[in-house]
Amino acid sequence: MQPFSYAKVTSEEVAIAIVEQEKTAVFIAGGTDLLGLMKDGVQTANILIDINSLPLANIEFQPNGIRIGAISRMSDVAFHPQIQECYPVISQALLQSASPQLRNMATVGGNLLQRVRCGYFRDPVFPCNKRTPGIGCSAITGYNRMHSIFGASEHCIAVHPSDLAVALTALDAVICIQGIETSRQISIHDFYLLPGETPAKETLLQPGELIVAIEVPDFAYKSHYLKVRDRASYWSLD
């Protein structure tokens, strides 16, 4: 794992300015995905900007929906009584993600930005267009049982792993983004990009931009999240 510097910030403006100016700097909150990628040599970062002190962990109910701060922990959102009542699909999707230990650390913003779980992407030994554009996709001719059947391309067939993103798409959620000079809102329907010819670019986020919140319009009292998978837990008693 390469050496890196660490800086804890208390201002959105400072955090965004550092990442916008220092091209090797990245934001870190829970770190549950980023640190693993760095350890495996898949992602590099010379500076980690800790945003945990920013005021982005509020869960605010509004007359016509909800606003969830981007660094709200997955567990806090999943077990929030009003979310369980008004948005059961969000709570259920989060509770079917990862393990309790990870949910206690991971943030909702980080969950939306996690990288694909393709084994070839996460192992630098194998060619991967998402990791290094132009060198090929090992998954196309390799083990690809859990890969895409829709929306893939000849350059990448990996799928995004976020359960929360699926629930938010069904709810027509909006991603609130802050940049160095301007803020903007992007529908989650437009936020993610299909691999096409540029699989390394996964979202509409620009360098230096930070997800600050997720807004969900209306309420979804009768919603439900059903996940079909091989196993329902990370551990076995066998």
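Just so we're clear, the structure is a prediction, and the values are computed from it rather than from any experiment.

Draft legend 1. Helix 5 (residues 88-95), seen in detail. Helix 5 sits mainly inside the fold: six of its eight residues count as buried. Among the residues making up helix 5, those that are buried are P88, V89, I90, S91, A93 and L94. Contacts made by the buried residues of helix 5 are with helix 3 (74-78), helix 4 (81-86), helix 6 (100-105), helix 9 (163-170) and strand 8 (210-217).

Draft legend 2. Focus on a nonpolar patch on the surface. Together, M1, F4 and Y6 line one region of the surface with nonpolar side chains, adding up to about 330 Å² of accessible area. Positionally, Y6 belongs in strand 1 (residues 5-8).

Draft legend 3. Spatial organisation of the pattern of salt bridges. Taken as a whole, this structure holds nine salt bridges when the rule is applied. Between E215 and R67 there is a salt bridge whose closest N-O contact spans 2.6 Å. Of this pair, E215 sits in strand 8 while R67 sits in strand 5 (residues 65-69); the two residues are 148 residues apart in sequence, bridging distant segments of the chain. The exposure class assigned to R67 is partly exposed, which follows from its relative accessible area of 25%. Residues D230 and R145 are paired through a salt bridge, measuring 2.9 Å at the closest nitrogen-oxygen approach.

Draft legend 4. Inspection of unusual backbone geometry at higher detail. Its identity is not glycine, yet A98 carries a phi of approximately 50°, on the positive side. Given the relative accessible area of 28%, A98 is considered partly exposed. One non-glycine residue with positive phi stands out, namely D172, at about 60°. By the secondary structure assignment, D172 is in the loop between helix 9 and strand 6 (174-178). With relative accessibility at 43%, the residue D172 sits in the partly exposed group.

Draft legend 5. Just helix 9, in detail. Regarding helix 9, the residues found buried are D163, L164, A165, A167 and L168. Of the surrounding elements, those touching the buried residues of helix 9 are helix 5, helix 7 (108-113), helix 10 (188-191) and strand 8. In the stretch just after helix 9, D172 is the one whose phi turns positive, near 60°.

Analysis parameters
Residues numbered from 1 in each chain as written. Predicted model: local features only at pLDDT ≥ 70, side-chain atom pairs only at ≥ 80, totals over all residues. Heavy atoms only, no water. Buried < 20%, exposed > 50% of the residue type's maximum accessible area, 1.4 Å probe, protein only. Helix = DSSP H or I, 4+ residues; strand = E, 2+ residues; numbered from the N terminus. Contact = heavy atoms within 4.5 Å. Patch = residues over 30% accessible without salt bridge, like charges linked within 9 Å, V, L, I, M, F, W, Y side chains within 5 Å. Areas by Shrake-Rupley, 256 points an atom, 1.4 Å probe, with all protein chains shown as cover. Salt bridge = Lys/Arg side-chain N within 4 Å of Asp/Glu carboxyl O.

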